[in-house]
Amino acid sequence: MKNQKLTQAKINAYDEFYTQRKTIEKELKYYTEQFRNKVIYLNCDNPLKSKFWQYFYDNFNNFKLKELISSHYCENGSFSMSYDGDFEKVKSLKNGSFNDIECFELLERADIVITNPPFSKFREFLRVLLVMNKDFLILGQVNMLSTKETFKHYKMGLFKLGYNFNHNTPFDTPFKKEVAMGGICWMTTLKMQEDIKEINFIEYDEQRYRKYDNYDAININSIREIPKDYKGKMGVPITYLKYHNPREYKIVGADFELIDEHRFILDGKRMYMRVVIEKIS
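Rules used throughout
- Residues numbered from 1 in each chain as written.
- Predicted model: local features only at pLDDT ≥ 70, side-chain atom pairs only at ≥ 80, totals over all residues.
- Heavy atoms only, no water.
- Pairing = 2+ DSSP bridges.
- Helix = DSSP H or I, 4+ residues; strand = E, 2+ residues; numbered from the N terminus.
- Core = buried A, V, L, I, M, F, W, Y, C linked by side-chain atoms within 4.5 Å.
- Buried < 20%, exposed > 50% of the residue type's maximum accessible area, 1.4 Å probe, protein only.
- Contact = heavy atoms within 4.5 Å.
- Phe/Tyr/Trp six-rings, centres within 6.5 Å; stacked < 30°, edge-to-face > 60°.
- Salt bridge = Lys/Arg side-chain N within 4 Å of Asp/Glu carboxyl O.
- Arc of directions from axis to C-beta.

Undergrad: Which parts of the structure should I look at to understand the sheet that holds strand E14 (residues 249-254)?
TA: Backbone hydrogen bonds hold the strands of a sheet together, and the pairing may be parallel or antiparallel. Read across the sheet, four strands follow the order E12-E13-E17-E14 without closing on themselves; strand pairing throughout is mixed. The outermost strands of the open sheet, each flanked by one partner alone, are strand E12 (218-219) and E14. When strand E13 (residues 233-237) meets strand E17 (residues 274-279), the two strands line up antiparallel, connected through five bridges. If you follow Gly-235 over to E17, its bridge partner there is Val-276.

In structure tokens, the structure reads:
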């Protein structure tokens, strides 16, 4: 029992990262026109603390929102809060978790879900949004795409990566200590302007690139090492997805989709996750 409580405490601590307002403003500024006359639901946010709530509350009239709703899980008493531009309404909740029936009812009212969901429950959270067919703009780690289910949804085009991909994103914590995390990105179903990142590709050199022991593709360790003139398959880091240009390259699949061993082997060494791409002729 003691070990179970310790494990749960670690999970809870892992989920307690609060998005800073500057992080929110940097990404959400691109979507403000899509917020017009919409019900925005922050389904993992305590409105008394959340910078998401603060951001939308302060800009309610500027964005011409229809309604702002927030709910969250709390051991000491969960509640939801809604705001229509004039009045705030507070309602006690039995649970407050995003997958609770009361929050499903709030989700049905919503047009767009915007939040930083619990990292430990990200797959379940994303599944709920897709099943409910809700637009969303959520914060997560790019490594969350390394699971079969989430990567499949991405490859199917059910969501895309947002404008900002940060290698060192600061978060607040319950202990009033700022913590920086790498590989933080936004995932969304909202409309985006084309945002193709320029990469200074280099020319292919057979002596430089090695093929995997268990798959016919060359290994790429860095985005800038992608050879612009190579016609075969290439295994690139998952961070490539932020730079993906579908007019130039096609995504063949992730390593765990392509081989039984789950990961590629190079010179006898197991590699980190790779996404296989191939240049479009």
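Picking up where we left off.
Undergrad: Before we go on, may I ask you to explain the nonpolar core in this structure?
TA: The nonpolar side chains of a soluble globular protein tend to be buried with one another. Ranked by size, the top nonpolar core spans 76 residues in total, and within it Phe-35, Phe-56, Ile-114, Ile-226 and Leu-241 carry the most contacts. With five residues, the top contributor of residues to this core is helix H5 (residues 122-131). Not counting residues within four places of it along the chain, the set of residues in contact with Phe-35 comprises Leu-28, Ile-40, Phe-56, Phe-63, Lys-64, Leu-65, Ile-112, Ile-114 and Leu-190.

Undergrad: For this particular structure, what's the right way to read the packing of aromatic side chains?
TA: Geometrically, a pair of aromatic rings is defined through the distance of the ring centres and the angle of the planes. With the rule as written, the count across this model stands at 22 aromatic pairs. Both rings, one in Tyr-212 and one in Phe-264, keep their centres 4.5 Å apart while their planes meet at 35°; by these two values the pair is tilted. Here Phe-264 lies in the loop between helix H7 (255-258) and strand E15 (265-266) and Tyr-212 lies in the loop between strand E11 (184-188) and E12, a separation of 52 residues in the sequence. Judged on exposure class, the residue Tyr-212 and its partner Phe-264 are both buried. Site record: aromatic cluster; members linked through ring pairs are Phe-136, Phe-151, Tyr-154, Phe-159 and Phe-256.

Undergrad: Got a minute to help me understand unusual backbone geometry in this structure?
TA: A negative phi holds for most residues other than glycine; trans holds for most peptide bonds. A positive phi angle, near 60°, is found at Asn-37, a position not held by glycine. Within the element layout of this structure, Asn-37 appears in the loop between helix H2 (21-28) and strand E2 (39-42).

Undergrad: In this structure, what is going on with the pattern of salt bridges? I would like to understand it.
TA: Side-chain pairing between opposite charges can occur once the charged atoms of the two side chains come close. Under the criterion given, the structure shown has eleven salt bridges. Note that Lys-155 is salt-bridged to Glu-257, the shortest N-O span being 3.1 Å. Of the two residues, Lys-155 is situated in helix H6 (residues 148-155) and Glu-257 in helix H7; the sequence distance between them amounts to 102 residues. Its relative accessible area of 38% is what places Lys-155 among the partly exposed residues. Judged by relative accessible area, Glu-257 falls into the partly exposed class, the value being 35%. One network of salt bridges, in which partners are shared, links Arg-21, Glu-25 and Asp-58.

Undergrad: How should helix H3 (residues 51-58) be read in this particular structure?
TA: The periodicity of an α-helix, 3.6 residues per turn, causes residues three or four places apart in sequence to face the same way. Among the residues of H3, Phe-52, Trp-53, Tyr-55 and Phe-56 are the ones counted as buried. Projected down its long axis, H3 carries its buried residues within an arc of 160°, all on one side.

Undergrad: Sorry, what's going on with the pairing of strand E9 (residues 169-172) here?
TA: In the case of a regular strand, side chains alternate between the two sheet surfaces. Here strand E1 (residues 18-19) runs beside E9; their pairing, made up of two bridges, is antiparallel. When the bridges of E9 are listed, Tyr-18 appears paired with Asp-172. Relative to strand E10 (residues 179-181), E9 runs antiparallel, the two sharing three bridges. Note that in E10 the partner of Pro-170 across the bridge is Ala-180. Connecting the antiparallel pair E9 and E10 is a turn made up of six residues, with Lys-176 showing a positive phi of about 60°.

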